[in-house]
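Take a look at the letters that make up each chain.
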Amino acid sequence: MIYVFDGSLEGLLTAVFEYFERKPKTVLLQTEKVFQPDAFTESLKIVNNRAKADRVWNGLQKRLDKQWRRRFYCAYLSELPEIFNSLFQFSNYIFNHPAGAEKNFGNEHVLAIAQIATKVEREKHRMEAFIRFQHTADGMFYCGIDPDFNVLPLIVKHFKDRYADQQWIIYDLKRRYGLFYDLLSVTEITIELNAKNLKQPTVQQLNGTEEMYANLWKDYFKSTNIESRKNTKLHVQHVPKRYWKYLTEKQLS
Amino acid sequence: MSEHLREKLNILADAAKYDVSCSSSGSDRKNTNKGVGNGHSSGICHTYTEDGRCVSLLKILLTNHCIFDCAYCVSRKSNDIERAAFTVDEVVELTMNFYRRNYIEGLFLSSGIFKNADFTMERLLRVVKKLRLEENYNGYIHLKTIPGASDELIKEAGLYADRMSINLEMPTESGLKLLAPEKTHGEVIRSLDFVQNQVVQFKDEKKLIKSVPKFVPAGQSTQMVIGATPETDKDIMYTADRFYKSFALRRVYYSGYIPISNDTRMPVLGTQPPLLRENRLYQTDWLMRFYGFNVRELLNDANPHLDIDIDPKLSWALRNLQHFPIDINTADYRMILRVPGIGVGSANKIVQARKFGKLHIYQLKNIGISYNRAKHFIKCADTPFQLKDYQATQIKGFILAESNSKYLKTDNNQLILF
C-alpha cells in the first residue's frame, strides 16, 4: 500500500491518522513528486485535513518530549524524499508502542530521524555562523543564502534576539522566501528582484562604509592565520567549499 | 583613516594570534533593552583560518608595546618589529561593525604591558565599559587579566567580561623562569584564585538576591606553550589537571611552540611546530573532562609520554586489556565510554537502545561507532566466537594497518612496490 501526500506537514500527519483508521498491513509514504503508480500495489491519495493532523500532533506531543518534538520538526524541514516515510513510520511506531519507545536507537526509523535532525541542526548552526550581512544604502543589513535544508524557521529566534536594534533581511534564494525584521517583529517576505541582485547587491545599493569594513575583515582573516600551521584539509572540513560564496573573507579583494 | 586602521589591525591581529583561545561558549548573557548581541551557550565559530583554527572572536591586542622580554613571545621588548596601539574608540568601532555584520561572536582583547599592569588593565577596562554601557553591546567579551593588576580593576572588569583568562605560559615554574625571568606562576595563580573567589561569591549572593549582576559567566581559561622547554607530557597534563581542579577552569589550552626567534634556549627557527603532540594533549584533556579518566591512568611514571602513533584512549585500553572485552549489552555506561571507537554520543545511544533488545553489530555500526576499532574490545549479540586471545601489540598492529594517520604523509609501515 502506498500513501501519496503533498509534502506538507499537515499531509504527513493526516496520513498517520488515515493509517490508524484503516490499519493496512504495510504502508509506504511518498510525496506526489516521487510517486510512480505500480500495477501490484494499491495507493491512496491523502487529503489534507487540519483536524486530523492536529489530533495526531497532539498525540505526538503527549508522547514525545521537547527534544524529540524538535527532532521530528527538524527532520521534516530537511525536505529529503526518504525522510517523509521515516517520519510516518516513526509516528506509527510511537503510537503502537508503550511510552519511551523513541529511545530505541536500534530501530532504523528512530535512528534515521535522530541522524537527519542532527544534520539539519548542523546546517542551522552553519547558517548562524556563515551568514554575512551587508549594510545597504537604506540602512538594512541584508544576506542571501541557499541552505541545504529549509532552516529559516529555525534561525528566526537567534537573529531576532541578537540583532534587535538593526533592520535585517535573510533571504533564501533557493526556496524564494525570506525573513524581514523591522525592529519589532519578523515577517516572512518574498522579493521580486532579479536573482543576481539578490545574491550580491550592487555597489550603489550598499552603504558607503561597507567596503571598508569588508576589507578590514578580510585583512583580519589573513593576519590571524598562522602560516607554519597550514592545514588545508582541516580548513575545508570546517568550512566546506559550498559555503565559501557566503563568506566575505573568502571573496577576492 | 581607513589605511591607517588597516595597518594597525594587521599588526595587532598578527601579534594576538598566538593566543589559542577562541571559544565563545558558556555565556548566557541576554540581549537587554533592544541592544545588540547576546551570548550563545555553545558558542559559534564564524569562520576558520587556513590553518584550520576557528575564528569566533575578533582577537586583537590593544597594543604590542611591552615592557617585558619573554623569549617565547613575538611582542617581547627586544624584538625588532613594528609597534602599534589602538585607541579605545577604534576597538569599539571595529567590534561593533564586525558584530553587526555577523562576522564575529565577540571580542577577545589582550594587550602588551605598557608602563605598568594597572595602566594597561585600566585601558582594557575602558574598552569593555564603553561597549557595554554606551553601545548597549551584549555579545561575548573575553578579556585578558593582566598579571599584577590591582584587585579593584580586575573585579570591575569581571562585571563586564564573559570570560577572563591569564596564561601560565610554561607548564612548569622552572620552564617559565628560564624563558621569562620577570614572570612567575605565583602571580598567575593569585589572579586566577582572586577571580574564582569572586565568581563563587557572586554566585552565592545571586542565590539570595536576584539582581546581583553576572560575574565572568563563562569562567576562566589558561594556556601553556608546548615544546619550547623540555617538559614531559606527564608534567604538562598534571599541571593542567591541578589547575582544572583548583580554579574550576573551563579550558586549558595547549599551544605548540612556533619558533619565532634565534634564542638558543629554544627550538631553532624553521622547526616544525609539534602539531601531533598538541593533538594528543588535547585528546588527553578531553578524556579527563568528558570520559571520566583520571590523569594518572593515562600518564604516570611508567608512561610519562603519550604514544605518538595511537591516541591516548586506545593506548590506555591496550595497556589494560584485562578489562576487555566488555559486553555492550550489559556493561556500565562508564566502561562503554572507555572503549576505543565509542564516543559520548554513541555511548548514550547504546545505553538507551539496549533496553529494547540486545544490540547487534549492524545496529552498532548504524549508531555510528567506529566498529573496526571497537570490535577488539567489545562483545555484542552476534559477535563471532573467538578462541584466540590477541596480544596488545597484535591489536595495535591490526588497528594501525587499517587506519592512516592524517599526520603521516606517507605510510611508512610498508614499502611501495609499484
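Remember, it's a predicted structure, so these values are computed and weren't measured experimentally.

With respect to the UniProt feature "domain: DUF4130" (unreviewed entry) in chain A
Inference 1: With numbering aligned to this structure, UniProt lists the feature "domain: DUF4130" (unreviewed entry) at residues 82-249 of chain A.
Inference 2: Within residues 82-249 of chain A, the helical portion is 45% and the strand portion 12%, while the C-alpha atoms at the span's ends are 36 Å from each other.

Brief notes about the packing of helix α4 (residues 151-160) of chain B against helix α6 (residues 185-208) of chain B
Residues and elements named next belong to chain B.
Inference 1: At a minimum axis separation of 11 Å, α4 and α6 run at an interaxial angle of 50°. The orientation of α4 with respect to α6, classified from their angle, is oblique. In this structure, the crossing between α4 and α6 has a hand that is right-handed. On the side of α4, the interface is formed by D151, I154, K155 and L159, while α6 contributes R190, S191, F194, V195, Q198 and F202.
Inference 2: For the contact of α4 with α6, the per-class residue count stands at five nonpolar, two polar and three charged.

Side note on the pairing of strand β3 (residues 57-61) of chain B
Residues and elements named next belong to chain B.
Inference 1: A large share of β3 lies buried, amounting to five of its five residues.
Inference 2: By the alternation rule, side chains of β3 split into L57, K59 and L61 and L58 and I60, which are all buried.
Inference 3: Note: β3 against strand β4 (residues 106-110), five bridges, orientation parallel. Across the sheet, residue I60 finds its bridge partner in β4, namely L109.

Some thoughts on the UniProt feature "domain: Radical SAM core" (unreviewed entry) in chain B
Inference 1: Residues annotated by UniProt as "domain: Radical SAM core" (unreviewed entry) correspond here to residues 61-194 of chain B.
Inference 2: End C-alpha to end C-alpha, residues 61-194 of chain B measures 24 Å, and it is 43% helix and 10% strand.

Structural notes on the pairing of strand β5 (residues 141-145) of chain A
Residues and elements named next belong to chain A.
Inference 1: Across the five residues that make up β5, a large majority, five, are buried.
Inference 2: Residue alternation in β5 divides its side chains into two sets, F141, C143 and I145 and Y142 and G144, and both sets are buried.
Inference 3: Inspection of the sheet shows strand β4 (residues 134-135) paired to β5 by two bridges, in the antiparallel sense. For H135, the partnering residue across the bridge sits in β5 and is F141.
Inference 4: What sits between the antiparallel neighbours β4 and β5 is a turn of five residues, in which G139 has the positive phi angle 85°.
Inference 5: For the segment spanning β5, helix α6 (residues 152-162) and strand β6 (residues 168-172), crossover handedness is right-handed.

Observations concerning the domain arrangement of chain A
Inference 1: Looking at chain A, the domain boundaries give domain 1 (2-122), domain 2 (131-208) and domain 3 (209-253).
Inference 2: When each unit is reduced to the centre of its C-alpha atoms, the spacing between domain 1 of chain A and domain 3 of chain A is 41 Å.

Concerning the interface of chain B and chain A
Inference 1: Between chain B and chain A, the contact holds 59 residues from the first and 58 residues from the second.
Inference 2: Between chain B and chain A the total buried area reaches about 5,200 Å² when both faces are included, carbon and sulfur atoms providing 54% of it.
Inference 3: Of all residues in chain B, the largest losses of buried area upon contact with chain A belong to B:E50, B:R101 and B:Y103, amounting jointly to 15% of the total for that side.
Inference 4: Here chain B is connected to chain A by seven salt bridges.
Inference 5: Between B:R100 and A:D165 there is a salt bridge, and its shortest N-O distance comes to 3.0 Å.
Inference 6: In this structure, the connection of chain B to chain A is made through 36 residue pairs in polar contact (both at pLDDT 80 or more).
Inference 7: The element best represented in the side of chain B that touches chain A is helix α1 (residues 2-16) of chain B, accounting for seven residues.
Inference 8: Its residues assigned to classes, the side of chain B that touches chain A shows 23 nonpolar, 21 polar and 15 charged.

Points about the environment of A:R162
Inference 1: With respect to the helices and strands, the residue A:R162 is situated in helix α6.
Inference 2: Overall, A:R162 belongs to the buried group, its relative accessible area being 0%.
Inference 3: Residues A:R162 and A:K33 lie 129 residues apart in sequence; the distance between their C-alpha atoms is 38 Å.
Inference 4: Leave out the neighbours within four places in its chain, and A:R162 touches B:N31, B:G35, B:V36, B:G37, B:N38, B:G39, B:H40, B:I44, B:H46, B:Y99, B:N102 and B:E105.

As for the pattern of salt bridges
All names here are of chain A.
Inference 1: All chains considered together, the criterion is met by 42 salt bridges over all chains.
Inference 2: Among the ionic pairs, K245 bridges to D146, the shortest N-O distance being 3.7 Å. One end of the pair, K245, is in the segment after α9 (232-238); the other, D146, is in the loop between β5 and α6, and 99 residues separate them in sequence.
Inference 3: Overall, the relative accessible area of 47% leaves K245 in the partly exposed class.

A look at the sheet that holds strand β2 (residues 28-31) of chain A
Residue and element names in this part refer to chain A.
Inference 1: Sheet architecture is open: three strands sit in the order β2-β1-β3, paired in parallel fashion. Looking at strand neighbours, the two that pair on one side only are β2 and β3 (43-45), the edges of this open sheet. Taking the axes of each pair of neighbouring strands and ignoring which way they run, one obtains an average angle of 25° across the sheet.
Inference 2: When strand β1 (residues 2-5) meets β3, the two strands line up parallel, connected through three bridges. Across the sheet, Y3 pairs through a bridge with L44, a residue of β3.
Inference 3: The sheet strands contacting helix α1 (residues 9-22) are β1, β2 and β3, and the helix crosses β1 at an angle near 150°.
Inference 4: Running over the sheet, helix α4 (residues 81-96) touches β1 and β2 and is turned about 140° from β2.

What counts and how
- Residues numbered from 1 in each chain as written.
- Chains lettered and ligands numbered in written order.
- Predicted model: local features only at pLDDT ≥ 70, side-chain atom pairs only at ≥ 80, totals over all residues.
- Heavy atoms only, no water.
- UniProt positions renumbered as here; feature names shortened; annotations may be inferred.
- Helix = DSSP H or I, 4+ residues; strand = E, 2+ residues; numbered from the N terminus.
- Axes fitted to C-alpha atoms, helices over the stretch in contact; angles between N-to-C directions.
- Parallel < 35°, antiparallel > 145°, perpendicular 65-115°, else oblique.
- Left-handed = near helix turned anticlockwise from the far one by under 90°.
- Contact = heavy atoms within 4.5 Å.
- Nonpolar A, V, L, I, M, F, W, Y, C, P; charged D, E, K, R; others polar.
- Buried < 20%, exposed > 50% of the residue type's maximum accessible area, 1.4 Å probe, protein only.
- Pairing = 2+ DSSP bridges.
- Right-handed = clockwise from strand over helix to strand, strands pointing away.
- Domains from an automatic or database assignment.
- Buried area = accessible area lost by both parts, 1.4 Å probe.
- Salt bridge = Lys/Arg side-chain N within 4 Å of Asp/Glu carboxyl O.
- Polar contact = N/O pair within 3.5 Å; in protein donor to acceptor, adjacent residues only side chain to side chain.

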